[in-house]
Amino acid sequence: MMLLLPAMFYVIFDQKDQVAQRAIKLYPSKGATHGHSWVTSNCKRLVGLLRQNNVVVRKLAAAADAVRQDQTLSEPERLFQVHTLEIFQKEMNESEHLVFQAVHGLQRALQGDYRDVVNMKESSRQRLEALREAAIKEEQEYVELVAAEKHQQEAVKSALAQNKTLSMLDEILEGVRKAADRLEEEIEEHAFDNNKQMKGVNVEAVLRVEDDEENGGKRKNKSKQKDVEDDLGLSMLIDSQNNQYVLTKPRDSTMPRADHHFIKDLVSVVMLSLPCGWICSLVGLPPMFGYIICGVLLGPSGLNSIKSMVQVETLGELGVFFTLFLVGLEFSPERLRKVWKTSVQGSCYLSLLMVGAGLLWGHVLHIRPTQTVFISTCLSLSSTPLVSRFLAGGSRGDKEGDLDYSSVLLGMLVMQDVQLGLFIAVMPTMIQTQKGDLDSLHVLYLLAQVLVSLAAVLLLCLLLKSFLIGPYYKKLHAESKGNKEILVLGMAAFVFFMLTVTEFLDISMELGCFLAGALLSTQGHMVTTEVMGCIEPIRDFLAIIFFASIGLHVFPTFVLYELTILLVLTLTLVIMKFVMAVVVLSAILPAGSRHIRWIVSAGLAQVSEFSFVLGSRARRTGIISREVYLLVLSVTTLSLLLAPVLWRVTTHKWVPRAERKTIT
């Protein structure tokens, strides 16, 4: 290392001298002697410091060896002294390393061109990486100092224990302390050290913001390190990209902690959802729009009081799962067999028509085929939770041999959920297409993989129906007499089991929830009624959170800025989906089912809330731009707002008064 130093300083000195000579020509009054002497004296001084550093490092290593061989010291005291010497030795080596990094940085700067922005950006990136590495090493050194301090305390306690006799209570506490230390060492995961060297892990600068409950809950940066360490449960981290993070797992798992941000957010959503839903009911609108308005008021476009948005949305996803579970309970296998052909053909034809129309418009507007296929597929999906709420509380028309519109509508929605699983599986291929890495064999492989997964799920469902569902429910029913929590827990566990299976096979989790309900519906009407009575209250509460989470992504200001174009796009989309559904159903339904095609088309003439999820994934991977994402988001929201109006008008026209569905 020392052999390379003179050559390095020679290069830097030579370049610095050239810069100085150039400056002398431009500014003769500055003088050349001062610049030359400054460089020479500082280089000599730096070389002397580095030599002293090497001498000190060797002396520290010799001192550490001497301490290890000293038998007069106790074990804790020996560990403390060795640890302290090693830390100081690392500090000296790191200081020398930082000097060479600074020399390399100066060399790059002298060789660079101030007009070359790319070169300046690369230099800045290298300095940032160096600072990140230095931050990690400094963090490690701080942790080691804390450990050394602990060893010092152990040495002091050991010395005191040798000089006095411990009482019985002190001996008990000493044993408890040692057991607690062993427990902390066993449960500590060392997540930072284990993950910092993994591929894809980046070190970033973050801000830690604390909540000061003593000052009315106002957030502020705490300067005292002790306050930060004592109050980690309320900390929030903010990175340079303005992403906010909350604590998910503390280092000390022996202390219970609560995410107060999430609790406050959940309380706010529930309390505000009541008046919003009540007002919508009074004016004749579905309460779900009140819940969406609640999310708008509390979200980024309103009061911006929701801090744990991801947690609220995750809880809302459970509402989707249980909604589809109840849909599957109501959708008996007999009804599925009755409409499966119509459902498969109708959903496939409708998706193909939407993709074809999208490709046509994309060709006219010169949009890339990848974008048009993605947008068309997103817009072809319809909202199963919304339609299931439309169908709640009405007659189902389950007469043998009859086709009722609820069966056809739910069947097509279920097939769209299957298509959603296929689409999610194909999204990686679309990303590769966007990057120019398309391979037809890879596409066929992905499609075959999805088909095999679907076949495996159907085979599992057949085995469960034949051998497990009946005994499982009977056992739960026998154990839950007088206590329904076992039944509720058993049903939730079964839903999550099917969800996990479909997710493991890279199929839509929502499809697994629906299949769980469909399997239980094979056990008869009494089983279905009992399970629905237990699960419906849970579903209703979680559905409120789900619709409120949709409102968090509704931005009224953007809608107002582009209201004209958004209304035109939404009305065009709704009318186009309605007309396409009518055409498709007219071709595949019997001639006497005129009213069914109109009602089913009205139920399909909106966009699924899963467009939010798919759109966010596509934006992150570069399939669509930010502007297209906001348009998809706004059009989806407006179509969901228009859906109840179209549904009410259509059912009022084509459904007899005695069988008319109540929008709840």
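Per chain, residue numbering runs from 1 following the sequence as it is written. Given that the model is predicted, a residue must reach a pLDDT of at least 70 before its local features are reported, and side-chain atom pairs must reach 80 or more before they are shown or counted; all residues, however, enter totals for whole chains, interfaces and linings. Only heavy atoms go into the side-chain values, all of them from the structure, while hydrogens and water stay out.

- As annotated in an unreviewed UniProt entry, the protein is Transmembrane and coiled-coil domains 3 from Cyclopterus lumpus.
- Under the UniProt heading Subcellular location (unreviewed entry), the entry covering the protein gives this text: "Membrane". UniProt positions are given in the numbering used here, feature names are shortened, and annotations may be inferred rather than shown by experiment.

## Some points on the overall build of the protein
No. 1: On a plain count of helices and strands, the protein comes out with 24 helices and four strands.
No. 2: Here's how the labels work: a residue is buried when its accessible area is under 20% of the maximum for its type, exposed when over 50%, partly exposed in between, all with a 1.4 Å probe on protein chains only. Within the protein, the fraction of its 664 residues that count as buried is 38%.
No. 3: Surface accessibility in these figures is a Shrake-Rupley result with a 1.4 Å probe; residues are shielded only by whichever protein chains are displayed. Put simply, the protein shows about 38,200 Å² of open surface, and 63% of that area lies on carbon and sulfur atoms. Every helix listed is a DSSP run of H or I at least four residues long, and every strand listed is a run of E at least two residues long, numbered separately from the N terminus.

## Observations regarding the packing of aromatic side chains
Two aromatic rings, taken as a pair, are described by how far apart their centres are and by the angle between their planes.
No. 1: Classification of ring pairs uses Phe, Tyr and Trp, with its six-membered ring standing for Trp, and accepts pairs whose centres are within 6.5 Å; under 30 degrees between planes counts as stacked, over 60 as edge-to-face, and the remaining range as tilted. Inspection of every chain in the model, using the stated rule, returns four aromatic pairs.
No. 2: Seen from their ring centres, Phe322 and Phe496 are 6.0 Å apart, and the 70 degrees between their planes marks the pair as edge-to-face. In this pair, Phe322 is assigned in helix α10 (residues 309-330) and Phe496 in helix α17 (residues 485-504), connecting sequence segments 174 residues apart.
No. 3: Accessibility expressed as a relative area gives 33% for Phe496, which makes it partly exposed.
No. 4: Ring centres of Tyr472 and Phe494 lie 6.3 Å apart, and the angle between their planes is 40 degrees; on these two criteria the pair is classed as tilted. Of this pair, Tyr472 sits in helix α16 (residues 469-479) while Phe494 sits in helix α17; the two residues are 22 residues apart in sequence, bridging distant segments of the chain.

## Quick look at α17
No. 1: Each residue after the first adds 1.5 Å to the expected span of a helix. The terminal C-alpha atoms of α17, which comprises 20 residues, lie 28 Å apart, in line with the 28 Å expected from a rise of 1.5 Å per residue.
No. 2: All of the buried residues along α17 are Leu487, Gly490, Met491, Ala492, Phe494, Val495, Met498, Leu499, Val501 and Thr502.
No. 3: Residue Asp506 follows α17 closely and has a positive phi angle near 60 degrees.

## Examining a nonpolar patch on the surface
No. 1: On the surface, Leu560, Tyr561, Leu563, Leu567, Leu571, Ile575, Val579, Val583 and Leu642 cluster together to form a nonpolar patch covering roughly 870 Å² of accessible area.
No. 2: Breaking the nonpolar patch down by element, the ones donating at least two residues are α20 (556-561) and α21 (563-588).
No. 3: In terms of residues, the nonpolar patch owes the most to one element, α21, which gives six residues.
No. 4: Looking at the secondary structure, you find Leu571 in helix α21. Like charges within 9 Å and nonpolar side chains (Val, Leu, Ile, Met, Phe, Trp, Tyr) within 5 Å are joined into patches, using only residues over 30% in relative accessible area that form no salt bridge. Put simply, a salt bridge is a Lys or Arg side-chain nitrogen that is within 4 Å of an Asp or Glu carboxyl oxygen.

## Structural notes on the state of the cysteines
No. 1: We call a pair of cysteine sulfur atoms a disulfide when they lie within 2.5 Å. Counted under the stated rule, the structure contains zero disulfides.
No. 2: Cys276 provides the cysteine sulfur closest to Cys280, a residue in no disulfide bond, and the two sulfurs are 7.1 Å apart.
No. 3: Owing to a relative accessible area of 6%, Cys280 belongs among the buried residues under this scheme.

## Here's the deal with the pattern of salt bridges
No. 1: If you walk through the whole model with that rule in mind, you get six salt bridges.
No. 2: In this structure, the salt-bridge partner of Asp65 is Arg68, at a minimum N-O distance of 2.9 Å. Of this pair, Asp65 and Arg68 both sit in helix α2 (residues 32-69), three residues apart, roughly one helical turn.
No. 3: A salt bridge links Lys484 to Glu530; the nearest nitrogen and oxygen atoms lie 3.1 Å apart. Of the two residues, Lys484 sits in the loop between α16 and α17 while Glu530 sits in helix α19 (residues 525-551), which places them 46 residues apart along the sequence.
No. 4: When its relative accessible area of 18% is taken as the criterion, Glu530 is described as buried.

## Considering the nonpolar core
No. 1: Within the largest apolar cluster, 115 residues are counted, with the highest numbers of intra-cluster contacts made by Phe325, Phe374 and Val600.
No. 2: If one sorts the elements of this core by residue count, α19 sits on top with twelve residues.
No. 3: Here, the term nonpolar core denotes a set of buried Ala, Val, Leu, Ile, Met, Phe, Trp, Tyr and Cys residues that are joined through side-chain atoms within 4.5 Å. Membership of the second largest hydrophobic core comes to eight residues, among which are Val57, Val67, Val82 and Met92.

## So, the packing of α17 against helix α18 (residues 509-521)
No. 1: At a minimum axis distance of 7 Å, the contact between α17 and α18 shows a crossing angle of 135 degrees. With respect to α18, the element α17 is oriented oblique. Note that α17 runs across α18; the crossing there is right-handed. Contacts between α17 and α18 involve Met491, Phe494, Val495, Met498, Leu499, Thr502 and Glu503 from the first element and Met509, Gly512, Cys513, Leu515, Ala516, Leu519 and Leu520 from the second.
No. 2: In terms of residue class, the contact of α17 with α18 is made up of eleven nonpolar, two polar and one charged. As a rule, the C-alpha atoms of each element are fitted with a line to give its axis, helices using only the stretch in contact, and angles between N-to-C directions run from 0 to 180 degrees. Here roughly perpendicular refers to angles of 65 to 115 degrees, roughly parallel to angles under 35, roughly antiparallel to angles over 145, and oblique to all remaining angles. Crossings are sorted by hand: turned counterclockwise from the far helix by less than a right angle, the near helix makes the crossing left-handed, and turned clockwise it makes it right-handed. In this description, contact between two residues means that some pair of their heavy atoms is separated by no more than 4.5 Å. Gly is put with the polar residues, along with every residue not named as nonpolar or charged; the nonpolar set is Ala, Val, Leu, Ile, Met, Phe, Trp, Tyr, Cys and Pro, and the charged set is Asp, Glu, Lys and Arg.

## Brief notes about the packing of helix α8 (residues 260-282) against helix α9 (residues 287-298)
For any two helices packed against each other, the geometry comes down to the angle between their axes and how far apart the axes lie.
No. 1: Following both chains from N to C, one finds α8 and α9 inclined at 135 degrees, their axes separated by 7 Å at the closest point. In terms of orientation, α8 lies oblique with respect to α9. Where α8 crosses over α9, the handedness of that crossing is right-handed. Counted together, Ser268, Val269, Leu272, Ser273, Cys276, Gly277, Cys280 and Ser281 of α8 and Pro287, Phe289, Gly290, Tyr291, Ile293, Cys294, Leu297 and Leu298 of α9 form the full contact between these two elements.
No. 2: When the residues that make up the contact of α8 with α9 are grouped by side-chain class, the tally is eleven nonpolar, five polar and no charged.

## Notes on the environment of Leu563
No. 1: Within the secondary structure, Leu563 is located in helix α21.
No. 2: Judged by relative accessible area, which is 35%, Leu563 ranks as partly exposed.
No. 3: For Leu563 and Ser634, which are 71 residues apart along the polypeptide, the C-alpha to C-alpha distance reads 9.7 Å.

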